[in-house]
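Analysis of the macromolecular model
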Amino acid sequence: MRRTTRFAMAAVAGLSTVSLLAACAGGGTADNADAGGSLQVLFGTSGEAETAALEAAAEAWSEESGIEVTVTPATDLAQELAQGFATGEPADIFYVSPEQITALVDAGNLYPYADELESADDFYPELREAYTKDGVFYAAPKDVGALALAINLDLWEAAGLTDADIPTTWDELSTVAAKLSTNGVSGLTLSPDLARVGPFMLQAGGWVFNDAQTEATADSTANVDALEYVQGLLNDGSATLTTDLGVGWSGEAFGKQASAMVIEGPWLEGAMAADYPEVDYRVVELPAGPDGAASMFFTNAWGIAAESKNTDAAVDFVEFLTTPEQQMEFARAFGPIPARISAADAYRSEFPDTVAYLDGIEGSKTYPTIAGFSEVMADMNAQLFELKTADIPSLLGSVQKNLEALTK
Amino acid sequence: MRSIATAPRRRRRSREARGRALAGLLFVAPAVIILGVFLFLPILTAGWVSVSDWNGKGSPLQPGVEFVGTANYASFLTEEGLAQKDFGTSIRNNLYYVLVSVPLVTAIALALALMVNKSRRGNGVFRTAFYFPSVTSSVALTVIFLFLFNSTGVVNEILSLINVEGPTWMADPRGIFHLALEGLGIPKPAPGAGFEFWGVSWWDWLSGPSVAMTVFILMAALAASGTFMLIFLAGLQQISDEIEEAAIIDGTTRWQRFRYVTLPMLRPTLFTVLTLCMIGSWQVFDQIYTGSQGNPAKTTLTPAYLSYEWSFKSSDWGQGAAVSFILFAIILLFTLLQRWGLRERTSDRSGRLRAARTQKGDPSEDH
């Protein structure tokens, strides 16, 4: 009797193990059958408006094409993409930014399709370049936006400034920033980031690389001048770093009216409308430096996975997403600026207040695409935390050393 | 007795034993299989990734993924460059985190356990209160700490009441030893001069945990001490009241009883707590991931977070896996050091007495 019970229990234990193993093995086989008729889109969303706009676009295209599209907002896009690539079943379409291109292409994860698009030449040349590696244009740009200067109009008037005082040179910027820095308000707020000191480097005629990205130029005198100019603003109290104000980004300081001016891109619009609708402000192009006007632009594109089982449908869908009409649709829904040149006029007439983000693109740059740049930039940003007291030539010297290691 | 058993009985018995062994095997099989599939296989795979050139596409075991020997390890251990600097920085940060938080957490946990050990009225409330942070998710705790230690947060508000201008906490990359020296009027030496190890200058090695890291250390003191209090409490309950009474009769003071009776008898518990705390401290990740992402100025970068960053952000999976194995080696080394540090010293007199007592079968030594 006792033995039978024991045997029964052992049998149950054994069975449960078997079923467990079966459960483990079961995944991953069933869902390939209908892959011919569906697309997965993975994207990093800025909020509900973006998700809803993308869902609406997917639905509209699905009705037309008969192909089902699932859009999934990612909580951590890089990580979820990486998991997809590792399992061999990545999302068909995903957001990709220029600094990711090299790693994705080197790993063979990107399907090169953008050259074949009819509209390939209608994207801004700066954007085409940003998504091109070894002469191949990999991904169709989704949006673009250059950094511009946002000005709080109430604080501006309170400081006795008028339209004529809008800064167009570094000297004028210094003057208005100093005038605006009163009563605990910071004249200009910057995050300690290449993405905020970069425009000054470009305006001084410098940059971290030459155009071909074959030679590091971080320690040039133009870059030293640019950083010393920003350091000067910080030290005479006209500018503040976000880290010293205890805000996550400069838009927060701007919204709380703790800062009269900030350098931000089109994403500022959505944040201000959502969190600080009472702030009255305007956006102008960045002032020009000793070497003329320049800014930095930021962009995302539609990447298609090389492993996708449905690349033709994916290309069709991306073509639909990047039509001027659809890009304007997105602009209305959540603010991104169309990446198509032919949509520029429509954008200008419909959104006259934010054209500074579009006008700044010409002659501006985004992050270099060379492999390993993200780490070098992270190290540079870490040093910029102490920009106020840093020895600029040695700071740039260490960046130069790290960049030279990349070009070897 | 067994040797004189009759043959058929022996056979029956061995059959029974075999049956029992089989049943035993079946019963442990689920656990063994689960451990194998979810623990040993992933570790072996990670080990392979750390010596391969897998780039994150497809399975690391597929053909085409090449063996690269120790190249991934060398890329940050021996080759000068950014990777080495990041690794050196992360080790420095975590070393300070461990050196400060382990003794701090252990001391607080022990103090709390001593306070709530004796049954007094209301102790249940305190036990629950002290243990509460341990069952709270570390993500929630981190978010609360971010609010408290914001430059315009509660902590600085309180400091401003006594006319102290608080630092920007989570945005302050300066080391606390560095700040102390600055307070004494000793300036930071000019950069670029002098000794460097793993890409980190001697000044940075010695400048202590940054202000931001100190916030994380305080958080560990709050969050982890409850768990370890519980372990100490279990240890304290094992010490019988008679021993303390005997010590009281011997005319000992409170401190003497703690130092010469309670603490030596807690030695095994102390080792457990120190080891667990040390392992947890070297693996600190979720606070960093939610709270700072290694900022400010990489002073909260830890090897565990670096491994994540290299793997998922830079697709350097081999390098990321290699860091985690180095971390494993460090933890092993520290555990051995602790064992050695807390070993029974038989040369001194109290050790001999202890040895004599153990031979007589003192139940409190049964850990």
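Observations concerning the overall build of chain A
A tally of helices and strands in chain A yields 18 helices and 13 strands. Taken over 408 residues, chain A has a buried fraction of 54%. Considering only contacts in chain A between residues 6 or more positions apart, those separated by 24 or more positions represent 74%.

Things to note about the packing of aromatic side chains
Residue and element names in this part refer to chain A. For the coordinates displayed, the defined rule picks out 35 aromatic pairs over all chains. Taken together, a centroid distance of 5.5 Å and an interplanar angle of 65° make the contact between F298 and Y367 edge-to-face. Residue F298 is found in strand β12 (residues 297–304), and its partner Y367 is found in the loop between α16 (355–359) and α17 (373–384); the two are separated by 69 residues along the sequence. You can call F298 buried: its relative accessible area is 16%.

What about the sheet that holds strand β9 (residues 239–241) of chain A?
All names here are of chain A. Strand order across the open sheet formed by 5 strands is β9-β8-β10-β7-β11, with mixed pairing between neighbours. Either end of the sheet is taken by a strand with one partner, and the two such strands are β9 and β11 (281–284). Within this sheet the neighbouring strands show an average axis-to-axis angle of 25°, counted without direction. Strand direction decides the pairing type here: strand β8 (residues 186–190) and strand β10 (residues 259–264), joined by 3 bridges, are parallel. Bridge pairing links T189 to V262 in β10.

Regarding the confidence of the model for chain A
For chain A, the mean per-residue pLDDT works out to 86, and 91% of the residues sit at or above 70. pLDDT under 50 marks residues 1–36 of chain A. Its contacts with residues more than four places away, or in other chains, come to 22 contacts.

Details of the pattern of salt bridges
All names here are of chain A. Under the criterion given, the structure shown has 16 salt bridges over all chains. Linking R282 and D163 is a salt bridge whose minimum nitrogen-to-oxygen distance equals 3.5 Å. Linking R282 in strand β11 with D163 in the loop between α6 (153–158) and α7 (170–180), this pair joins segments that are 119 residues apart in sequence. Accessibility expressed as a relative area gives 59% for D163, which makes it exposed. R332 is paired through a salt bridge with E329; the nearest N and O atoms lie 3.5 Å apart. Pair noted here: R332 and E329 are both in helix α14 (residues 324–334), with a separation of 3 residues, about one helical turn. Classification of R332 as partly exposed rests on a relative accessible area of 42%.

Points about the packing of α7 of chain A against helix α9 (residues 221–235) of chain A
Residue and element names in this part refer to chain A. Orientation of α7 relative to α9, taken along the N-to-C sense of each, is 15°, at an axis distance of 11 Å. Relative to α9, the element α7 lies roughly parallel. Relative to α9, the crossing made by α7 is right-handed. Where α7 approaches α9, its residues W170, L173 and S174 are matched on the opposing element by D225, A226, Y229 and L233. Each residue belonging to the contact of α7 with α9 can be placed in one class, and the counts come to 5 nonpolar, 1 polar and 1 charged.

Concerning helix α12 (residues 267–282) of chain B
Residue and element names in this part refer to chain B. Here α12 spans 22 Å end to end across 16 residues, near enough to the 22 Å set by a 1.5 Å rise per residue. Turning to α12, its buried residues are T269, L270, V273, L274, T275, C277, M278, S281 and W282. On the buried face of α12, the contacting elements are α3 (82–117), α9 (211–238) and α15 (317–341).

With respect to the interface of chain A and chain B
At the junction of the two partners, chain A supplies 34 residues and chain B supplies 34 residues. Of the roughly 2,800 Å² buried at the junction of chain A and chain B (both faces included), carbon and sulfur atoms supply 62%. If you look at where chain A meets chain B, you find 2 salt bridges. As a salt-bridge pair, D379 of chain A and K85 of chain B come within 3.2 Å of each other at their nearest N and O atoms. For the pair chain A and chain B, the number of links is 7 residue pairs in polar contact (both at pLDDT 80 or more). Secondary structure elements with two or more residues in the side of chain A that touches chain B: α1 (2–26), α3 (77–87), α10 (242–245), α17 and α18 (392–407) of chain A. Looking at the side of chain A that touches chain B, its residues break down into 16 nonpolar, 10 polar and 8 charged.

What about the side chain of D172 of chain B?
Checked against the element boundaries, D172 of chain B lands in the loop between α6 (154–161) and α7 (176–183). A distance of 2.8 Å separates polar atoms of two side chains, one belonging to D172 of chain B and the other to R174 of chain B.

Quick look at the environment of F177 of chain B
All names here are of chain B. On the secondary structure map, F177 appears in helix α7. In the structure, F177 is positioned 30 residues away from S207 in sequence and 5.0 Å away in space, judged by C-alpha atoms. Those residues in contact with F177 that sit more than four places away from it in its chain are Y96, L206, S207 and G208.

A short note on unusual backbone geometry
For residues that are not glycine, phi is negative in most cases, and the peptide bond is trans in most cases. Going from N295 of chain B to P296 of chain B, the amide bond is cis rather than trans, its omega being -10°. Position of P296 of chain B among the secondary structure elements: in the loop between α13 (286–291) and α14 (303–313). One non-glycine residue, N183 of chain A, lies in the positive phi region at around 50°. Relative to the helices and strands, N183 of chain A is located in the loop between α7 and β8.

Observations regarding the confidence of the model for chain B
For chain B, per-residue confidence averages 84 on the pLDDT scale, and 88% of positions sit at 70 or higher. Note on residues 360–367 of chain B: pLDDT is under 50 here. Beyond four places in sequence and across chains, it has 9 contacts.

Concerning the nonpolar core
In this structure, L39, L54, I93, F94, Y113, W302 and F317 of chain A are the most contacted members of the largest nonpolar core, which totals 73 residues. Setting aside residues no more than four positions away along its own chain, I93 of chain A makes contact with L39, Q40, V41, L42, W302, G303, I304, A314, F317 and V318 of chain A. Ranked by size, the runner-up nonpolar core spans 64 residues in total, among them F76, A224, I239 and A322 of chain B.

Conventions adopted
- Residues numbered from 1 in each chain as written.
- Chains lettered and ligands numbered in written order.
- Predicted model: local features only at pLDDT ≥ 70, side-chain atom pairs only at ≥ 80, totals over all residues.
- Heavy atoms only, no water.
- Helix = DSSP H or I, 4+ residues; strand = E, 2+ residues; numbered from the N terminus.
- Buried < 20%, exposed > 50% of the residue type's maximum accessible area, 1.4 Å probe, protein only.
- Contact = heavy atoms within 4.5 Å.
- Phe/Tyr/Trp six-rings, centres within 6.5 Å; stacked < 30°, edge-to-face > 60°.
- Pairing = 2+ DSSP bridges.
- Axes fitted to C-alpha atoms, helices over the stretch in contact; angles between N-to-C directions.
- pLDDT = per-residue confidence, 0-100.
- Salt bridge = Lys/Arg side-chain N within 4 Å of Asp/Glu carboxyl O.
- Parallel < 35°, antiparallel > 145°, perpendicular 65-115°, else oblique.
- Left-handed = near helix turned anticlockwise from the far one by under 90°.
- Nonpolar A, V, L, I, M, F, W, Y, C, P; charged D, E, K, R; others polar.
- Expected span 1.5 Å × (residues − 1).
- Buried area = accessible area lost by both parts, 1.4 Å probe.
- Polar contact = N/O pair within 3.5 Å; in protein donor to acceptor, adjacent residues only side chain to side chain.
- Core = buried A, V, L, I, M, F, W, Y, C linked by side-chain atoms within 4.5 Å.

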